[in-house]
Amino acid sequence: MKENRKKRNLNTPLRWVLTAAAILIFSAVLALVCKNGSTYHTGIWDGGSQTLVFGRMLEMQQNQRSPGGFLGVYTEDWTDSANRDWYRDNTPVNAAQFRPYTHQSGLQGWALGILNKVFSVFEDNGLARESMLYTTNSILFYAATLCICLAVGFSVGWVPALAWLVSVIFAPWPQRGMKDLYWCLWTWWLPALAGIVLCAAAQKRGKTPWWCYLLVFSACLVRCMCGFEFISTFLILCEIPLVYCWAQSLCAHRKAEIWVKRMVSTGLSALGGVVTALGIWFLQGVACFGSASESWANLTEAVTSRVSLTDNAVQQVSVGQVLHRYLAEVKEPLLQFGPLTVGLLPLGAAVLAAFALCALVLMHRGGSGRELFPLFSIWVLSFIAPLSWMILSKVHSYVHVHLIPMLWHFAFVPMSCMVLAALICRIVQALRAKK
């Protein structure tokens, strides 16, 4: 018995290494097959914001430094593509002309700047290095997606896990955006992944290890240092795995209070990461402006131009207008299978119909629709997550029509596909079972 236990303990790290290797290899294959590293093949999502990263990478490439370490450009226009051209050609630039973009910490610019210098050891061509950076971002996004698929596979089923993956491969918005150097979409999944790890560790050990809350803190810290936009969405995503475990406990008539406590602790850890990121941003501002008061003014100006409590000073927009825009007016497809496209409302209607049908089948076969509560609860939360930012930052959302639809993929679209597959599997299972 002791020898078998030792073998299992020795095999655990090996399994983790092999699993991680398999995820990275499969992610690289997906990125190459889907040509996500190409500048134009899958389209461009937000090329204007990327100039800030190209400017920062160019600064690091030329061994220049500016106080604060922010993103920035060498032009008057923040979106001037000349910064990208200069990065590609490694054109000498005047350090005094660098204009820092101080509305976020810009961690992604620093990280990609280092990676770009590593790539430059092997590749002098700037266009090739740009493609390598795009490919890296895409691989990391697929890796995060596959980690979620593994969690779905073990907790819900492997057909629903496959549906989640399909919802990413055949989704125009993530296909365009996963390579983006400014938004770094893979970091959007970090809070959710931290929540998944916390749930797995808590279920395995019967208690929550302290490092799980540190992981949640770190995930939110990293995400916020790459930009505070959409923060309410990420905080909700962080809680969704815990809500699923809580709902499962309720359905199984087990004590669910412990999951409520874990949700509270997780929320506090996540907020701790947000507050720490704000503090780092403030200190960067002090280094940049040379004054705490100017740094505070910069921080508050950036926040108040985005938060609904104060953004009416920027433009009068109601929550109803924002919701109508993204629920009714914007009709770009969220999924595309060749000529067949699927929009937001048809997808939501299909899932609701599947819930109703599954509940009827279960009751007809002598069961109860109660078992569907965990899936229904996280599906509703996945819809609330993107809506939360549209409400919290209504002016920012109303104006940025080229950005906001991406939020439906965090995580309403993949969650809907996963839930739909799970419900269909449950219906088939119930029909095959004997009464």
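K.L.:
Give me the nonpolar core: which residues, what numbers.
P.N.:
If you look at the biggest cluster of nonpolar residues, it comprises 121 residues, and the most contacted ones within it are Trp164, Trp188, Trp189, Leu237, Leu375, Trp408 and Val419. In contact with valine 419, other than residues within four places in its own chain, are Val351, Phe355, Leu375 and Trp379.

K.L.:
So what about the packing of aromatic side chains? Which residues, and what values?
P.N.:
Inspection of every chain in the model, using the stated rule, returns 28 aromatic pairs. The interplanar angle of 25 degrees and the centroid separation of 5.3 Å between the aromatic rings of phenylalanine 228 and tryptophan 281 together place this pair among those described as stacked. Residue phenylalanine 228 is found in the loop between α9 (210-225) and α10 (231-251), and its partner tryptophan 281 is found in helix α11 (residues 257-289); the two are separated by 53 residues along the sequence. Tryptophan 281 matches phenylalanine 228 in its accessibility class, with the two residues each being buried. Here phenylalanine 355 and phenylalanine 376 contribute two aromatic rings whose centre-to-centre distance is 5.2 Å and whose plane-to-plane angle is 85 degrees, an arrangement assigned as edge-to-face. Linking phenylalanine 355 in helix α14 (residues 344-364) with phenylalanine 376 in helix α15 (residues 373-392), this pair joins segments that are 21 residues apart in sequence.

K.L.:
Residues and numbers for the environment of glycine 273, please.
P.N.:
With respect to the secondary-structure elements, glycine 273 resides in helix α11. With 49 residues separating them in the primary sequence, glycine 273 and cysteine 224 have C-alpha atoms 7.9 Å apart. Excluding residues that lie within four positions of it along the chain, glycine 273 makes contacts with Phe217, Cys220 and Leu221.

K.L.:
Run through the side chain of aspartate 180, naming residues and quoting values.
P.N.:
Note that aspartate 180 resides in the loop between α7 (172-177) and α8 (190-205). We note that aspartate 180 is buried and unpaired, the nearest opposite charge coming from lysine 179 at a distance of 7.8 Å. At 2.8 Å, the side chain of aspartate 180 and the backbone nitrogen of tryptophan 183 are in polar contact. Each residue touching aspartate 180, except ones within four places of it in the same chain, is listed here: Trp45, Asp46, Gln50 and Asn137.

K.L.:
So what about helix α2 (residues 47-61)? Which residues, and what values?
P.N.:
Compared with the 21 Å implied by 1.5 Å per residue over 15 residues, the 20 Å span of α2 between its first and last C-alpha is a close match. In terms of burial, α2 is largely enclosed, as 13 of its 15 residues are buried. Of the residues flanking the end of α2, it is asparagine 63, one or two places downstream, whose phi is positive at about 60 degrees.

K.L.:
How would you explain the environment of threonine 187 if you had to name every residue and give the values?
P.N.:
By the secondary structure assignment, threonine 187 is in the loop between α7 and α8. By relative accessible area, which is 1% here, threonine 187 ends up buried. Expressed as a C-alpha distance, the spacing of threonine 187 and cysteine 220, which sit 33 residues apart in the sequence, is 9.1 Å.

K.L.:
Quick rundown of helix α6 (residues 158-169)? Include the residues and the values.
P.N.:
Spanning twelve residues, α6 covers 17 Å between terminal C-alpha atoms, matching the ideal 16 Å at 1.5 Å per step. For α6, the complete set of buried residues consists of Pro160, Ala161, Ala163, Trp164, Leu165, Ser167 and Val168.

K.L.:
Before we move on, could you go through the pattern of salt bridges and cite the residues and values that matter?
P.N.:
Evaluation of the coordinates by the stated rule reveals six salt bridges. Where arginine 84 meets glutamate 130, a salt bridge forms, and the shortest distance between an N and an O atom there is 3.0 Å. Here the residue arginine 84 occupies a position in helix α3 (residues 82-89), and glutamate 130 occupies one in helix α5 (residues 126-155), the gap between them amounting to 46 residues. What makes glutamate 130 buried here is its relative accessible area of 0%. Here arginine 325 and glutamate 329 are joined by a salt bridge, their closest N and O atoms 3.6 Å apart. In this pair, arginine 325 and glutamate 329 are both assigned in helix α13 (residues 319-329), four residues apart and thus about one turn of the helix distant. Look at the salt bridges and you will find they share partners, linking Arg84, Arg88 and Glu130 into a network.

Reading guide: rules and limits
Along each chain, the written sequence defines residue order, and numbers are assigned to residues from 1. Side-chain atom pairs in this predicted model are given and counted only at pLDDT of 80 or more, local residue features only at pLDDT of at least 70, and totals for whole chains, interfaces and linings cover all residues. For side-chain calculations, the full set of non-hydrogen atoms in the structure is used, while hydrogens and water are omitted. To define a nonpolar core, start from buried Ala, Val, Leu, Ile, Met, Phe, Trp, Tyr and Cys residues and group those joined through side-chain atoms within 4.5 Å. Three labels apply to residues, based on accessible area from a 1.4 Å probe with only protein chains included: buried if under 20% of the type maximum, exposed if over 50%, partly exposed otherwise in between. We call two residues contacting when some pair of their heavy atoms lies within 4.5 Å. Pairing of aromatic rings covers Phe, Tyr and Trp, the last through its six-membered ring, and needs centres within 6.5 Å; plane angles under 30 degrees mean stacked, over 60 mean edge-to-face, and all others mean tilted. Only runs of H or I of at least four residues qualify as helices and only runs of E of at least two qualify as strands under DSSP, and these elements are numbered from the N terminus. Charged-residue counts in this description rest on Lys and Arg as positive and Asp and Glu as negative, His and the chain ends being excluded. Each reported salt bridge corresponds to a side-chain nitrogen of Lys or Arg within 4 Å of a carboxyl oxygen of Asp or Glu. Whenever two N or O atoms come within 3.5 Å, that pair is a polar contact, provided that in protein one can donate a hydrogen and the other can accept it, and provided that, for residues adjacent in sequence, both atoms are side-chain atoms. In a helix, the anticipated span is given by 1.5 Å times the number of residues less one.

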